[in-house]
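Here is how the chains run, residue by residue.
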Amino acid sequence: MVSSDIIKLTEDLEKQELEAQNGIATPQVYEQLLAIYLYENDLCNAKYLWKRIPASVKASTPELTNVWTVAQNMWKRDFPGIYKALNSVTWSDSVANIMKQVQDRVRSRSVDLIAQAYSSITLDTVSAMTGLPPDICAAACVERGWQVEADTRMVHPVRPISETSGQTSSEDQLYKLTDFHGRIKVRTTEEQNLQKHKEQQKKLTAYRMGMKQILATRDADSYNKDSLALSAQLLTINPDIYTLWNYRKEVVLIEIKKSYQDEVADDQKLIHFFEEELRLTEQCLLSNPKSYGSWHHRYWILNHHTKPNWQREFDLCNKYVSLDDRNFHCWDFRRLIVNKIGISLADEIAFSTERININFSNYSSWHYRSTLQILNDENSVANDLILVQNAVFTDPIDTSAWFYLRWVLSHPGITKIQKEDLLNALEQLQELEPECKWIIMAKCWLVKQGNLEKDAICRLKRYYTELIKLDPLREGHYKDCFKVF
Amino acid sequence: MEKKDIFYPDTVPILLYNKHIEYLKHVSCSSYGNSYDFKSTESIRMSGIYWCLTALDITHSLKEFLQKPANNSDSISEEERIVNFLLQCYNPDGGFGAAVGHDSHMLYTLSAVQILVLLRKLDLVDKHKIARFISTLQQVDGSFAGDNKYSEIDSRFSFCAIACLYLLSLLDAFDLQKHPSSPFGIDTNKAVDFVLKCQNFDGGFGTVPGSESHAGQVYCCIGVLTITRALHKIDTDLLAWWLCERQLPSGRLGGLNGRPEKLPDVCYCWWVLSSLKMLGRLHWINKEALIFYIRACQDPETGGISDRPGDCCDPFHTLFGLAGLQLLGAASELQEINAVFCLPQYVVDAIEEDCCLDQLRAHRDKNAK
């Protein structure tokens, strides 16, 4: 498939899902979209899509589960598992071609990984990672110019000299050395170390020379265009160089001052400048969506922009929230925009409801909802109680909605009848999910309120005893709860 | 529901005390300055030095390290090299940048002051000038910006400001509540008010009012409230419960995450633990399981600690892993660490800050064990 076709197909399928009647698309749409995400190695979107697919569709479409099994193995990087899942079923016409391409891509990625990380590796391991039987695998290695020792069955890959591409996907953050989290320790040999060292020296030289020039030409009243361009390059590689974001802000202020002083009003030039800054932040966010510096610079630019396009900012927020709904930078940015341009509370509440309905397991959405002055009258309390109750009953293992439930229950407007109804419902749920500590905790929250009679105290003691058994990590907390009686 | 989990090894090593000292010495010494990992993290350098030196101090290796010759020359020691670097980062506006030529920032001003306090070299700088720089960062609503030009607001900076003033022994002198006619100072009541506004429905704290609760922000906000003796203003039990829910069962290991439905990470072990300590609820997490987790994150080959078992280690996670183990009482070899400042307790004890010192000492004794 050609990459422009993929983009078109992805867009079509996503559109079909969005516009589907009653919010439920056809099994074929779900299948194809899930398969396309695997082809693109976009496991996060695959995961979110799987969570959105209604249980009824999953139950009636076994092939969908088969595609998901491939995804699960890809997530775990279980190569033998991936190939097994791909080849143990006969795919229907609607996904067969895509799944074949998924296999090709997985194979190609593992070959690249082997070439980057190993100077010698057993043939059996290469065979497992590529899903090719040993003899075919050996022949393929030789074709790539890798040496294969027949007696020891050792393969010696050759590392390709590759150009680094501009964009890194979240998967490829393996070698992102400026980020301290989630760097898997990969064993390398002398040869690999030497190669890596050369590349690193190149990067360091570029950084050192770049910083030197930028700081040397830094001035309150004028700026050097080359330095500005250099700063963009350095920030794209490392958006945490906060001094360079400061530098760029100074340049923007110089341009703003110049435009006031110019006799001929040239709004366009200034706007072009602002747009360039926004473009830079967007580029930085693509490779690192969690950099404080990038988000702050973007907001700062918008505050100075003569014609900011706020709708576009909402679209950006929505895009990043769908890429990672737990990215708090994005949610904070949204809040800033909302406060700046004064969006109606009702609209934001609707947005929050929509996000929650897309994915119950989204702590960030529930949190956002809690900030929208949502529990301000009896009706809204009752509505939110229903909403959160649905969530915990649909997926009692996910913790997000339970935290929100606790908060709703602490509202003085909850009626005795609502509490009793919920308690009964929880008792029933407990029969289906006897190991779920949250159900018992919710019962504690309900029973604890108001004056505690002897009967309530007995029940609470029983609940806490059960909780200690089910959730031993928090024994210290439950014992303290006990002590109150 | 498919849940991503950590990789956990079959066996968990004991505390590799000497290995960590070896690692720390390696990443702290001047010759390490030629490495890529070092050079590519220049924009957080000041904090990196603070992590290394504090970790060396709690492993009783700081004094020896500081006296070593730098760059294999006899002319200056490692200590002098570090002090020279620090002074070059001391900008005319009174703040510190992360490295030479980098702009002043609240984060690196705190790290610099922490280093100076560790080295007992505070007299080398004009403490009042630093305090004045900090006071210019407070906003009308009591929050603090990261720098005095571009107004990035974050509750982390509130902690940096208050902690820094305390370590400079100037919190009292610069408190406008106590000295209303002073030309420079911060309004501690407003600072507390802003922090309280960052508290959420779940008892946790976020970056700014309305931001999602996050263990790192919780540590910062609770730190502010502890130093300013305003802890009584929050729902302690609710927050402590949210914090203890950060512990995740994974076989024998029970690491801590930073917020719900996220993976565990050694740095959160520190921020959650120290917060629980300040709240007097350290016993609400399972110590054994957490100790196993931190020990599983050690690198037996090079020494050092990483965020998760099997990942690369670094000074940041090494400090917080060791500090966490010390707080848990699992490392008698280590110096006692202070939960509020993440500095050795003996260093904090030496700070002359009359109004708060006794309170913090009393608080510490009450929450011991």
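The structure displayed is predicted, hence computed values, not measured ones.

**Q** Mind showing me how you'd approach the overall build of chain A here?
**A** Within chain A one finds 24 helices and 3 strands. Taken over the C-alpha atoms alone, chain A extends approximately 80 × 75 × 50 Å along its principal axes. Counting over 485 residues, chain A shows a buried share of 46%. In chain A, the share of contacts with a sequence separation of at least 24, taken over all contacts with a separation of at least 6, comes to 60%.

**Q** Whenever I open this one, the overall build of chain B confuses me. Can you help?
**A** The secondary structure content of chain B amounts to 16 helices and 2 strands. For chain B, whose C-alpha radius of gyration is 20 Å, the value lies close to the compact-globule estimate of 21 Å for 369 residues. Taken over the C-alpha atoms alone, chain B extends approximately 65 × 55 × 35 Å along its principal axes. Among the 369 residues that make up chain B, the fraction classed as buried is 65%. Working note: accessible area of chain B is about 13,100 Å², and carbon and sulfur atoms make up 50% of it. Between the mean site of the 34 positive side-chain charges and the mean site of the 45 negative ones, chain B shows a separation of 2 Å.

**Q** Just checking my understanding: could you explain the interface of chain A and chain B for this structure?
**A** How big an interface is tends to be reported as the loss of accessible area on association of its parts. Between chain A and chain B, the contact holds 66 residues from the first and 69 residues from the second. Summing both sides of the interface, chain A and chain B together bury roughly 5,800 Å²; the carbon and sulfur share of this comes to 55%. There are 4 salt bridges connecting chain A and chain B. Residue Arg218(A) pairs with Asp103(B) through a salt bridge whose shortest N-O separation is 2.8 Å. Connecting chain A to chain B are 26 residue pairs in polar contact (both at pLDDT 80 or more). Element by element, the count of residues in the side of chain A that touches chain B is highest for helix 10 (residues 190-216) of chain A, at 7 residues. Grouping the constituent residues of the side of chain A that touches chain B by class yields 26 nonpolar, 17 polar and 23 charged.

**Q** Mind showing me how you'd approach the packing of aromatic side chains here?
**A** Two numbers describe a pair of aromatic rings. These are the distance of the centres and the angle of the planes. All chains considered together, the criterion is met by 34 aromatic pairs over all chains. Both rings, one in Trp51(B) and one in Phe316(B), keep their centres 4.9 Å apart while their planes meet at 70°; by these two values the pair is edge-to-face. On the criterion of sequence distance, the pair formed by Trp51(B) in helix 3 (residues 45-58) and Phe316(B) in helix 14 (residues 315-327) is long-range, its members being 265 residues apart. Phe316(B) matches Trp51(B) in its accessibility class, with the two residues each being buried. Taken together, the aromatic side chains of Tyr363(A), Trp366(A), Trp402(A), Phe403(A), Tyr404(A), Trp407(A), Trp438(A), Trp445(A), Phe201(B) and Trp241(B) make up a single cluster linked through ring pairs.

**Q** Is there a simple way to explain the pattern of salt bridges in this structure?
**A** If the charged atoms of two oppositely charged side chains come close together, the side chains can form a pair. On inspection of all chains with the given rule, the structure shows 37 salt bridges over all chains. In this structure, Arg218(A) and Glu250(A) form a salt bridge, with 2.7 Å as the shortest nitrogen-oxygen distance. Residue Arg218(A) is found in the loop between helix 10 and helix 11 (225-237), and its partner Glu250(A) is found in helix 12 (residues 242-261); the two are separated by 32 residues along the sequence. Linking Arg81(B) and Glu78(B) is a salt bridge whose minimum nitrogen-to-oxygen distance equals 2.6 Å. On the criterion of helical spacing, the pair formed by Arg81(B) and Glu78(B) is a turn pair, its members being 3 residues apart in helix 5 (residues 78-88).

**Q** Is there a simple way to think about the environment of Arg298(A) in this case?
**A** Residues and elements named next belong to chain A. Inspection of the secondary structure assignment puts Arg298 in helix 14 (residues 292-304). The class for Arg298 is buried, based on a relative accessible area of 0%. Sequence separation between Arg298 and Leu43 is 255 residues; the distance between their C-alpha atoms is 28 Å. Excluding anything up to four places from it in sequence, Arg298 contacts Leu278, Thr281, Glu282, Arg312, Glu313, Leu316 and Phe333. One polar contact links Arg298 to Thr281, side chain to side chain, over a distance of 3.0 Å.

**Q** Help me understand the sheet that holds strand 2 (residues 147-149) of chain A in this model?
**A** Pairing between the strands of a sheet comes from backbone hydrogen bonds, and it takes one of two forms, parallel or antiparallel. Residues and elements named next belong to chain A. One open sheet holds the 3 strands; their spatial order is 1-3-2, and the pairing between them is antiparallel. Looking along the sheet, the strands with just one partner apiece sit at the ends: strand 1 (121-122) and strand 2. Pairing of strand 1 with strand 3 (residues 154-156) involves 2 bridges; the strand directions are antiparallel. Residue pairing across strands places Ile121 opposite Val155, the latter belonging to strand 3.

**Q** Help me understand the nonpolar core in this model?
**A** Nonpolar side chains tend to gather and get buried jointly when the protein is soluble and globular. Of all hydrophobic cores here, the largest spans 174 residues; its most connected members are Leu53(B), Phe96(B), Phe205(B) and Ile222(B). For this core, the element with the highest residue contribution is helix 12 (residues 266-279) of chain B, accounting for 11 residues. In this structure Ile222(B) touches Phe205(B), Leu231(B), Ile234(B), Leu239(B), Ser275(B), Met278(B) and Leu279(B), once residues within four positions along its chain are discounted. With 50 residues, the next largest nonpolar core counts Tyr30(A), Leu33(A), Val95(A) and Val111(A) among its residues.

**Q** How do you make sense of helix 16 (residues 328-341) of chain A when you look at a structure like this?
**A** One turn of an α-helix holds 3.6 residues; hence residues three or four places apart share an orientation. Residues and elements named next belong to chain A. The end-to-end C-alpha separation of helix 16 is 20 Å, in line with the 20 Å expected for 14 residues at 1.5 Å each. For helix 16, a buried count of 10 out of 14 residues is recorded, marking the element as mostly surrounded by other parts of the structure. When we look at burial in helix 16, the residues that qualify are Phe328, His329, Cys330, Trp331, Asp332, Phe333, Arg334, Arg335, Ile337 and Val338. Contact partners of the buried residues in helix 16: helix 14, helix 15 (310-323), helix 17 (345-358) and helix 18 (363-370). Taking the backbone nitrogen of His329 as reference, a side-chain oxygen 3.0 Å away marks Asn327 as the first, capping residue of helix 16. Just past helix 16, the residue Gly342 takes up positive phi, approximately 65°.

**Q** It is not clear to me how the packing of helix 10 of chain A against helix 11 of chain A should be interpreted in this structure. Could you clarify?
**A** The angle between the axes and the distance between the axes are what describe a pair of packed helices. All names here are of chain A. Helix 11 packs onto helix 10 with a crossing angle of 140° between their chain directions and a minimal axis gap of 9 Å. Considering their axes alone, helix 10 and helix 11 lie oblique with respect to each other. The handedness of the crossing between helix 10 and helix 11 comes out as left-handed. Across from Ala206, Tyr207, Gly210, Met211, Gln213 and Ile214 in helix 10, the residues of helix 11 making contact are Asp226, Ser227, Leu230, Ser231 and Leu234. Grouping the amino acids of the contact of helix 10 with helix 11 by side-chain chemistry returns 6 nonpolar, 4 polar and 1 charged.

**Q** Hey, could you run me through unusual backbone geometry in this one?
**A** Outside of glycine, negative phi angles account for most residues, and trans bonds account for most peptide bonds. All names here are of chain A. Of note, the phi angle at Asn22 is positive, near 60°, even though the residue is not glycine. Relative to the helices and strands, Asn22 resides in the loop between helix 1 (3-19) and helix 2 (27-39). We note that Arg77 has phi near 55°; this positive angle belongs to a residue other than glycine. Relative to the helices and strands, Arg77 is located in the loop between helix 5 (62-75) and helix 6 (79-87).

**Q** What's the story with the environment of Thr217(A) in this structure? I'm lost.
**A** Residues and elements named next belong to chain A. Tracing the backbone shows Thr217 in the loop between helix 10 and helix 11. Under the relative-accessibility criterion, Thr217 is labelled partly exposed at 26%. For the pair Thr217 and Gln116, spaced 101 residues apart in sequence, the C-alpha separation works out to 39 Å. For Thr217, the residues in contact, after removing those within four places along its chain, are Asn224 and Ser227. At 3.2 Å, the side chain of Thr217 and the backbone oxygen of Ile214 are in polar contact. One polar contact links Thr217 to Ser227, side chain to side chain, over a distance of 2.7 Å.

**Q** Would you mind going over the environment of Pro92(B) with me for this structure?
**A** Residue and element names in this part refer to chain B. Mapping Pro92 onto the fold places it in the loop between helix 5 and helix 6 (106-119). What makes Pro92 exposed here is its relative accessible area of 73%. Spatially, the C-alpha atom of Pro92 lies 9.9 Å from that of Phe133, the residues being 41 residues apart in sequence.

**Q** Is there a simple way to explain the UniProt feature "domain: CSN8/PSMD8/EIF3K" (unreviewed entry) in chain A in this structure?
**A** Listed under "domain: CSN8/PSMD8/EIF3K" (unreviewed entry) in the UniProt record, and renumbered for this structure, are residues 26-157 of chain A. Taken as a whole, residues 26-157 of chain A contains 72% helix and 6% strand, while its terminal C-alpha atoms sit 45 Å from one another.

**Q** Help me out: how do you make sense of the confidence of the model for chain B in this one?
**A** Detailed reading of the predicted coordinates is not advisable wherever pLDDT is low. All names here are of chain B. In this model, chain B carries an average pLDDT of 92, and 92% of its residues clear a pLDDT of 70 or more. Confidence over residues 354-359 falls short of pLDDT 50; this stretch has 11 contacts with residues more than four positions distant or in other chains. Among the prediction metrics, the complex's ipTM stands at 0.93, with pTM recorded as 0.78.

Cut-offs and rules
- Residues numbered from 1 in each chain as written.
- Chains lettered and ligands numbered in written order.
- Predicted model: local features only at pLDDT ≥ 70, side-chain atom pairs only at ≥ 80, totals over all residues.
- Heavy atoms only, no water.
- Helix = DSSP H or I, 4+ residues; strand = E, 2+ residues; numbered from the N terminus.
- Buried < 20%, exposed > 50% of the residue type's maximum accessible area, 1.4 Å probe, protein only.
- Contact = heavy atoms within 4.5 Å.
- Rg over C-alpha atoms; globule rule 2.2 N^0.38 Å.
- Areas by Shrake-Rupley, 256 points an atom, 1.4 Å probe, with all protein chains shown as cover.
- Lys, Arg positive; Asp, Glu negative; His and termini not counted.
- Charge placed at Lys NZ, Arg CZ, Asp CG, Glu CD.
- Buried area = accessible area lost by both parts, 1.4 Å probe.
- Salt bridge = Lys/Arg side-chain N within 4 Å of Asp/Glu carboxyl O.
- Polar contact = N/O pair within 3.5 Å; in protein donor to acceptor, adjacent residues only side chain to side chain.
- Nonpolar A, V, L, I, M, F, W, Y, C, P; charged D, E, K, R; others polar.
- Phe/Tyr/Trp six-rings, centres within 6.5 Å; stacked < 30°, edge-to-face > 60°.
- Pairing = 2+ DSSP bridges.
- Core = buried A, V, L, I, M, F, W, Y, C linked by side-chain atoms within 4.5 Å.
- Expected span 1.5 Å × (residues − 1).
- Axes fitted to C-alpha atoms, helices over the stretch in contact; angles between N-to-C directions.
- Parallel < 35°, antiparallel > 145°, perpendicular 65-115°, else oblique.
- Left-handed = near helix turned anticlockwise from the far one by under 90°.
- UniProt positions renumbered as here; feature names shortened; annotations may be inferred.
- pLDDT = per-residue confidence, 0-100.

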